[in-house]
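Per-entry structural report
The lines below spell out each chain.
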2 protein chains.
Amino acid sequence: MTDLLDFVALSLLPAWCRLHVAERLRAGDAPGGVLQELAARARDDPDKASTLRSRADAAIRRAGMHAITAIPWSDAAYPAALTTIADPPPVLWTRGCVAALGAPSVAIVGSRAASAYGLSVAGQLAEDLAACGLVVVSGLARGIDSAAHRGALAVNGVTVAVLGSGVDVMYPPEHAALAASIDRDGAVISELVPGTPPQAFFFPQRNRIISGLSRAVVVIEAGEKSGSLITARCALEQGRDVLAVPGNVLTGRNRGAHGLLRDGAKIVESADDILEELGMAHPAASAAEVSKPQGDPLLACLPPGEACNLDVIAERSGLSSSRLLPRLFDLELQGLVRRIGGGRFVRMDRTC
Amino acid sequence: MTDLLDFVALSLLPAWCRLHVAERLRAGDAPGGVLQELAARARDDPDKASTLRSRADAAIRRAGMHAITAIPWSDAAYPAALTTIADPPPVLWTRGCVAALGAPSVAIVGSRAASAYGLSVAGQLAEDLAACGLVVVSGLARGIDSAAHRGALAVNGVTVAVLGSGVDVMYPPEHAALAASIDRDGAVISELVPGTPPQAFFFPQRNRIISGLSRAVVVIEAGEKSGSLITARCALEQGRDVLAVPGNVLTGRNRGAHGLLRDGAKIVESADDILEELGMAHPAASAAEVSKPQGDPLLACLPPGEACNLDVIAERSGLSSSRLLPRLFDLELQGLVRRIGGGRFVRMDRTC
């Protein structure tokens, strides 16, 4: 418990200390020692460490009364994924199920002012990912974030909301009921001490936790200046996969997402694209793919590796050119046959 | 003129002879000799070459009466771009302005059953490309193709339609007036002898001409089995750039275009993306970019290459942390400043 007190006290240091904290703790220093040393640099308070410990103690007590768990970095329940980032929060204040933080997860983030299309895609992807047992992480914001949380909940899935305020301070206020639903099987978390009101500059910092918790970040409808792009950049820095959903090019709503695609983000049309990127390709889909019959009898007239002209194929198949060409065209579209110029065709081997 | 007759006769050989024709002509053989040799293989007619020459002669006479020009491969007016493909047509039947075939061009192709979105994007891109002096090439089909032609015409630009029928056989019939408008400054062309009715298997072959004429192919709203994907594949084989416009992932309309993006096609949001790919970045835009002032005084507090924490920036700028962070966040979104963890910031040099 002393450890917890020191971790919470460390979390009360200004944000710019965070990297120093992480460096020292990684080096094996005790949190109390790190606190003592960093607090000693404060110019405003000769006994800053004690002050912070008192505030930490009060915060932990108050949190306990509100069923908020403080998970310090040293705790087994602290999400392993988050320990790998450069500047993990010293403590995670958590409402709901702490266990939700341990499961593999995918973040879905995007515009607060999303279109019906964006909301629909966010909800559908979250449903499908949650149905596959993945935890859906987002930021409880209006728009894409809440559509993602709701999608996961719609299939009784698990979802985690990371706030830019204390977990007991609802922003936006109308999402209090949503947060309560998330608590049931998932969690609402924050690095900010309970009671902290939301502030604009907390949100970009919060974004590194969203990506840090997740194996991949999916961006939907990020404009050119969307905070989701910061989440995407954090994800890249943390070695997470970044994926983006394309959309209308005329509205400007997707400029950020398209920019990510331009820079190499993987394109997402459905949850399968995300699962594939995570190496978790949907088993049902794969099985269907494998057992798909390649039964067109025309293929038997095209021995692998041999380029045949129409006359040859006509002779072998007994079909006239005019009946043959539309069928070859169809096989070409299926990727089973390839036209190689001069009206010759070769069979494509799907296994190569 | 004898040459023309031979080239037209060669074009009347079955499609599978095309590669042989190209190989022989490239080797420097005279078209008459190539015709003689290939025609000799015909089993149905002992004097096939004469038969083809007679048909060619009749076709050339009839074309002349309908203001259709036959441009043989050997003609200076034959588009240089098309000579570079594996199997160029021996002759191009041309309505309108032959000169239109010599200018740099971009193909815009896509679904016949396009959405209002697809039509709108096609029209806008064509307008913008044509306004930059590029010729817009497409296939006169319903949907994206005709929207592209119309976009170019709307700004008095030049556009070329490549048909899967003779240039005097309108398919779809309702596009006769559009073809007439295209003729004015552009051209309607086909490798098929005038009078040839459209047939399904002509269209995939026609697509290699669309891509072959063009420096780049832009695909809009191609479904999974769209013929536009064949055009895209031809383009890749011919060394042309392939670009695709993204869109809605829920309708299935863009599956083909998104598949191209997945395979490395460049994403198109506006004509600038196409111009950039062609190394023709819009001069006005570039000038604006260069002269854009980077005037935020905060940047002066961040010497290039130095990572500064908030305290340092606060001291230098005289601003408090709470006023500083939102402004740094804004600079971060503009790509002028980067957060590097631990609350430190570095200035990004736009020129590197």
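What this report covers is the structure whose coordinates are included nearby.

The rules we used
- Residues numbered from 1 in each chain as written.
- Chains lettered and ligands numbered in written order.
- Predicted model: local features only at pLDDT ≥ 70, side-chain atom pairs only at ≥ 80, totals over all residues.
- Heavy atoms only, no water.
- Helix = DSSP H or I, 4+ residues; strand = E, 2+ residues; numbered from the N terminus.
- Contact = heavy atoms within 4.5 Å.
- Areas by Shrake-Rupley, 256 points an atom, 1.4 Å probe, with all protein chains shown as cover.
- Lys, Arg positive; Asp, Glu negative; His and termini not counted.
- Charge placed at Lys NZ, Arg CZ, Asp CG, Glu CD.
- Buried < 20%, exposed > 50% of the residue type's maximum accessible area, 1.4 Å probe, protein only.
- Arc of directions from axis to C-beta.
- Polar contact = N/O pair within 3.5 Å; in protein donor to acceptor, adjacent residues only side chain to side chain.
- Least-squares fit on C-alpha atoms with pLDDT ≥ 70 in both.
- Buried area = accessible area lost by both parts, 1.4 Å probe.
- Salt bridge = Lys/Arg side-chain N within 4 Å of Asp/Glu carboxyl O.
- Disulfide = S-S within 2.5 Å.
- Axes fitted to C-alpha atoms, helices over the stretch in contact; angles between N-to-C directions.
- Parallel < 35°, antiparallel > 145°, perpendicular 65-115°, else oblique.
- Nonpolar A, V, L, I, M, F, W, Y, C, P; charged D, E, K, R; others polar.
- Pairing = 2+ DSSP bridges.
- 1 Å grid on protein atoms, 1.4 Å probe; cavity = no way out; pocket = protein on both sides within 12 Å on 5 of 7 lines; lining within 4 Å.
- Points joined across faces, edges and corners; volume = space filled by probe spheres on them.
- Core = buried A, V, L, I, M, F, W, Y, C linked by side-chain atoms within 4.5 Å.
- Phe/Tyr/Trp six-rings, centres within 6.5 Å; stacked < 30°, edge-to-face > 60°.

Structural notes on the overall build of chain A
Helix and strand content of chain A: 15 helices and 12 strands. Judged by the C-alpha coordinates and their principal axes, chain A covers about 95 × 40 × 35 Å. At a minimum sequence separation of 6, the contacts of chain A that also span at least 24 residues come to 68%. Here chain A displays about 14,400 Å² of accessible surface, and carbon together with sulfur accounts for 53% of that area. Here chain A contributes 34 positive and 37 negative side-chain charges, whose respective centroids are spaced 3 Å apart.

Section: helix H14 (residues 310-317) of chain A
Residue and element names in this part refer to chain A. For H14, the complete set of buried residues consists of Leu310, Ile313 and Ala314. The arc that holds every buried residue of H14, seen down its axis, measures 100°, which confines them to one face. Those residues of H14 that are buried are in contact with strand E10 (308-309), helix H15 (321-333) and strand E12 (344-347). With a side-chain oxygen lying 3.1 Å from the backbone nitrogen of Asp311, the N-terminal cap of H14 falls on Asn309.

Some thoughts on the relation of the copies chain B and chain A
Of the transformation placing chain B onto chain A, the axial shift is 0.0 Å and the rotation is 180°, giving an RMSD of 0.1 Å. Here the transformation between the copies is reduced to the relation of a two-fold axis. Residue Gly247 of chain B of chain B places its C-alpha closer to the rotation axis than any other residue of that unit, at 2.0 Å. Taken together, the interface assignments show that 100% of the residues at the interface of chain B recur at the interface of chain A, consistent with an identical surface on both copies.

Some points on the interface of chain B and chain A
Taken together, the contact pairs 52 residues of chain B with 52 residues of chain A. Note on chain B versus chain A: buried area summed over both sides is about 4,600 Å², and carbon and sulfur give 60% of it. Counting across the chain B and chain A interface gives five salt bridges. Joining chain B to chain A, the criterion identifies six residue pairs in polar contact (both at pLDDT 80 or more). Examining the composition of the side of chain B that touches chain A, we find that seven residues originate from one element, helix H15 (residues 321-333) of chain B, more than from any other.

Focus: unusual backbone geometry
Trans peptide bonds make up most of the peptide bonds, and negative phi angles are found at most residues other than glycine. Here Tyr171 of chain A and Pro172 of chain A are connected by a cis peptide whose omega angle stands at -5°. Within the secondary structure layout, Pro172 of chain A lies in the loop between strand E5 (159-162) and helix H8 (176-185). Even without glycine at this site, Ala67 of chain B takes up a positive phi of about 60°. For Ala67 of chain B, a relative accessible area of 59% gives the class exposed. Located in the positive-phi region is Asn156 of chain B, a residue other than glycine, with phi close to 55°. Tracing the backbone shows Asn156 of chain B in the loop between helix H7 (144-154) and strand E5 (159-162).

With respect to the pattern of salt bridges
Pairing of side chains with opposite charge becomes possible as their charged atoms draw close. Enumeration over the complete set of coordinates arrives at 33 salt bridges over all chains. The shortest N-O distance in the salt bridge between Glu269 of chain B and Arg262 of chain A comes to 3.7 Å. Of this pair, Glu269 of chain B sits in the loop between strand E9 (266-267) and helix H12 (271-277) while Arg262 of chain A sits in helix H11 (residues 255-262), each in a different chain. For Glu269 of chain B, a relative accessible area of 15% puts it in the buried group. The class for Arg262 of chain A is partly exposed, based on a relative accessible area of 35%. Of the charged contacts, one joins Asp87 of chain B and Arg208 of chain B as a salt bridge, the two residues approaching to 3.3 Å between their closest N and O atoms.

Here we look at the state of the cysteines
All names here are of chain A. Within the structure shown, the criterion is met by zero disulfides over all chains. Looking at the unpaired Cys301, the closest cysteine sulfur is the one in Cys308, lying at 8.7 Å. A residue is classified by how much of its surface remains accessible, and Cys301, at 11% relative accessible area, is buried.

Some thoughts on the packing of H14 of chain A against H15 of chain A
Residues and elements named next belong to chain A. Orientation of H14 relative to H15, taken along the N-to-C sense of each, is 100°, at an axis distance of 10 Å. Here H14 is positioned roughly perpendicular relative to H15, judged by the angle of their axes. Touching Leu310, Ile313, Ala314 and Ser317 of H14 are Ser321, Leu324, Leu325 and Leu328, all from H15. Split by residue class, the contact of H14 with H15 holds six nonpolar, two polar and no charged.

Remarks on the sheet that holds strand E11 (residues 337-339) of chain B
All names here are of chain B. Reading across the sheet, the three strands line up as E10-E12-E11 and stay open at both edges, with antiparallel pairing between neighbours. What marks the edges here is a single partner per strand, and that holds for strand E10 (308-309) and E11. Strands in contact with H15 are E11 and strand E12 (344-347); relative to E11, the strand with the most contacts, it is inclined by about 110°.

Quick notes on empty space enclosed by the protein
Scanning the entire structure with this criterion turns up three cavities of 30 Å³ or more. Taken as a whole, the largest cavity holds about 50 Å³ of empty space. Class assignment for the residues of the lining of the largest cavity results in seven nonpolar, one polar and no charged.

Quick notes on the nonpolar core
Counting residues in each nonpolar core, the largest one holds 174 residues, and the members touching the most others are Trp93 and Val160 of chain A together with Trp93 and Val160 of chain B. With residues near it in sequence (within four places) discarded, Val160 of chain B still touches Ala100, Leu101, Val135, Val136, Val137, Ser138, His149, Ala187, Ile189 and Leu213 of chain B.

Describing the packing of aromatic side chains
In this description, a pair of aromatic rings is defined by centroid distance and the angle of the planes. Residue and element names in this part refer to chain A. Enumeration over the complete set of coordinates arrives at four aromatic pairs over all chains. The interplanar angle of 65° and the centroid separation of 5.1 Å between the aromatic rings of Phe201 and Phe202 together place this pair among those described as edge-to-face. Of the two residues examined, Phe201 and Phe202, each falls in the buried class.

Focus: the environment of Leu163 of chain B
Residues and elements named next belong to chain B. Examined against the element boundaries, Leu163 turns out to sit in the loop between E5 and helix H8 (176-185). A C-alpha to C-alpha distance of 8.8 Å links Leu163 and Ser138, two positions 25 residues apart in sequence. Those residues within four positions of Leu163 in sequence are excluded, and the remaining contacts are Gly139, Leu140, Val169, Met170, Val188, Ile189, Ser190 and Arg206.

Thoughts on the sheet that holds strand E3 (residues 105-110) of chain A
All names here are of chain A. Sheet architecture is open: nine strands sit in the order E1-E2-E6-E5-E4-E3-E7-E8-E9, paired in mixed fashion. Among the strands making up the open sheet, the edge pair consists of strand E1 (69-72) and strand E9 (266-267). As judged from the four bridges shared by E1 and strand E2 (residues 91-96), these two strands associate in the antiparallel manner. The residue bridging Ile71 from the neighbouring strand is Leu92, located in E2.

Brief notes about the environment of Val337 of chain A
Residues and elements named next belong to chain A. In this structure, Val337 sits in strand E11 (residues 337-339). Sequence separation between Val337 and Arg347 is 10 residues; the distance between their C-alpha atoms is 4.4 Å. Discounting residues that sit within four places of it in the chain, Val337 has contacts with Leu299, Leu302, Leu328, Leu331, Glu332, Phe345, Val346, Arg347 and Met348.

What about the environment of Val217 of chain B?
All names here are of chain B. Assignment of secondary structure puts Val217 in strand E7 (residues 216-220). Residue Val217 is classed as buried on the basis of its relative accessible area of 0%. For the pair Val217 and Phe203, spaced 14 residues apart in sequence, the C-alpha separation works out to 16 Å. Setting aside residues no more than four positions away along its own chain, Val217 makes contact with Ala107, Val109, Ser211, Thr231, Ala235, Asp241, Val242 and Leu243.

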